[in-house]
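# Coordinate inspection notes
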Amino acid sequence: AQKITQTQPGMFVQEKEAVTLDCTYDTSDQSYGLFWYKQPSSGEMIFLIYQGSYDEQNATEGRYSLNFQKARKSANLVISASQLGDSAMYFCAMRVNNQGGKLIFGQGTELSVKP
Amino acid sequence: NAGVTQTPKFQVLKTGQSMTLQCAQDMNHEYMSWYRQDPGMGLRLIHYSVGAGITDQGEVPNGYNVSRSTTEDFPLRLLSAAPSQTSVYFCASSEDSFSGNTIYFGEGSWLTVV
């Protein structure tokens, strides 16, 4: 069965510090993609970063990087230099390719950035 | 380019009523899907479609119907609303499974069933 696990229901980080949000996944498929989304209190889903299963390098997008460890089936999100506006829910999701674009989501981590 | 448009944004229904959540995209995407998000949880897949005329069930399909008569539209029908269907509903679309991060979400529809 395909599954995403986020074990941190809530996290606190001091402004300007880095924080890592954990995500592990389970699939027997070889071709898949891993996503991180941010959901602020307004509710919209904001795409942050994507990692394909065959990508050899870890993905980076500005202050976001994805620490992809394929053998351990983990895809942790690292946010550098946290800002107050980073306070939100963060979701890790997996899409198994060739299965209709479906996403499987974890339960999310609520990040609070303290001034 | 409007992306993915969901209507209505907010709706209150009485138990037993039916309604349709509309989803439209103007990007000519083949793949569309509906998710629901309950408090404190991630999104769960209700139904999805890989093209006009083709739909399939996701993780939580009971109580919902979908159809895909055109590439642009993918409505979600609640047949007889129940309080357990109180949730936030998201529609999403993408080109195909291999296009990286090209998954677009609508802004969500907040549904309350009383």
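Our structure is the block above this text.
Please read all numbers here as calculations on a predicted model, not as lab measurements.

Parameters at a glance
Residues numbered from 1 in each chain as written. Chains lettered and ligands numbered in written order. Predicted model: local features only at pLDDT ≥ 70, side-chain atom pairs only at ≥ 80, totals over all residues. Heavy atoms only, no water. Helix = DSSP H or I, 4+ residues; strand = E, 2+ residues; numbered from the N terminus. Buried < 20%, exposed > 50% of the residue type's maximum accessible area, 1.4 Å probe, protein only. Areas by Shrake-Rupley, 256 points an atom, 1.4 Å probe, with all protein chains shown as cover. Lys, Arg positive; Asp, Glu negative; His and termini not counted. Charge placed at Lys NZ, Arg CZ, Asp CG, Glu CD. Contact = heavy atoms within 4.5 Å. Buried area = accessible area lost by both parts, 1.4 Å probe. Salt bridge = Lys/Arg side-chain N within 4 Å of Asp/Glu carboxyl O. Polar contact = N/O pair within 3.5 Å; in protein donor to acceptor, adjacent residues only side chain to side chain. Nonpolar A, V, L, I, M, F, W, Y, C, P; charged D, E, K, R; others polar. Pairing = 2+ DSSP bridges. Disulfide = S-S within 2.5 Å. Core = buried A, V, L, I, M, F, W, Y, C linked by side-chain atoms within 4.5 Å.

## Examining the overall build of chain B
- Counting secondary structure elements, chain B contains zero helices and 11 strands.
- Seen in sequence order, chain B has helices and strands lined up from the N terminus as β-β-β-β-β-β-β-β-β-β-β.
- Counting every position in chain B, which comprises 114 residues, the buried fraction comes to 49%.
- Of the accessible surface of chain B, which amounts to about 5100 Å², a share of 49% is contributed by carbon and sulfur atoms.
- Positive and negative side-chain charges in chain B, numbering 6 and 10 respectively, have mean positions lying 14 Å apart.

## Side note on the interface of chain A and chain B
- Across the contact, 22 residues belong to chain A and 21 residues belong to chain B.
- Here chain A meets chain B over a buried area of about 1800 Å², counting both sides, of which 60% is carbon and sulfur.
- The interface formed by chain A and chain B holds zero salt bridges in total.
- Counting the contacts that link chain A with chain B gives two residue pairs in polar contact (both at pLDDT 80 or more).
- Residue assignment for the side of chain A that touches chain B shows that the elements contributing at least two residues are strand E5 (32–39), strand E6 (46–52) and strand E10 (88–96) of chain A.
- Classifying every residue of the side of chain A that touches chain B gives nine nonpolar, 11 polar and two charged.

## Observations concerning the pairing of strand E1 (residues 4–7) of chain B
Residue and element names in this part refer to chain B.
- The alternating pattern of E1 places Val4 and Gln6 on a buried face, while none of Thr5 and Thr7, on the opposite face, is buried.
- Of the pairings in the sheet, the one linking E1 to strand E3 (residues 19–25) comprises four bridges and is antiparallel in character. Bridge pairing in E3 places Thr5 opposite Ala24.

## Digging into the state of the cysteines
- This model, assessed by the stated rule, comprises two disulfides over all chains.
- With a sulfur-sulfur separation of 2.0 Å, Cys23(A) is cross-linked through a disulfide to Cys92(A). Here the S-S torsion is close to -60°, and the disulfide linking Cys23(A) with Cys92(A) is therefore left-handed. Of this pair, Cys23(A) sits in the loop between strand E3 (19–21) and strand E4 (24–26) while Cys92(A) sits in strand E10, and the two are 69 residues apart along the sequence.
- For Cys92(A), a relative accessible area of 0% translates into the label buried.
- Note that Cys23(B) is cross-linked by a disulfide to Cys91(B), the S-S spacing being 1.9 Å. Classification of the bridge connecting Cys23(B) and Cys91(B) rests on its S-S torsion, roughly -75°, and on that basis the disulfide is left-handed. With Cys23(B) in strand E3 and Cys91(B) in strand E9 (residues 87–94), this pair connects stretches of sequence that are 68 residues apart.

## Remarks on the pattern of salt bridges
Residue and element names in this part refer to chain B.
- Scanning all chains against the criterion turns up five salt bridges over all chains.
- A salt bridge links Asp38 to Arg36; the shortest N-O distance between them is 2.8 Å.
- According to the relative accessible area criterion, Arg36 is buried, its value standing at 8%.
- Within this structure, Arg36, Asp38 and Arg44 form a network of salt bridges that share partners.

## As for the nonpolar core
- Residues Leu21(A), Leu34(A), Trp36(A), Ile49(A), Leu77(A), Tyr90(A) and Leu111(A) are the most contacted members of the largest nonpolar core, which totals 25 residues.
- For this core, the secondary-structure elements that each account for two or more residues are strand E2 (10–14), E3, E5, E6, strand E8 (64–69), strand E9 (74–79), E10 and strand E12 (109–114) of chain A.
- If one sorts the elements of this core by residue count, E10(A) sits on top with four residues.
- Excluding residues that lie within four positions of it along the chain, Leu34(A) makes contacts with Ile4(A), Tyr25(A), Ile49(A), Tyr50(A), Gln51(A), Leu66(A), Phe68(A), Ala75(A), Ala93(A) and Met94(A).
- Of all hydrophobic cores here, the second largest spans 20 residues; its members include Leu21(B), Val66(B), Phe74(B) and Val113(B).

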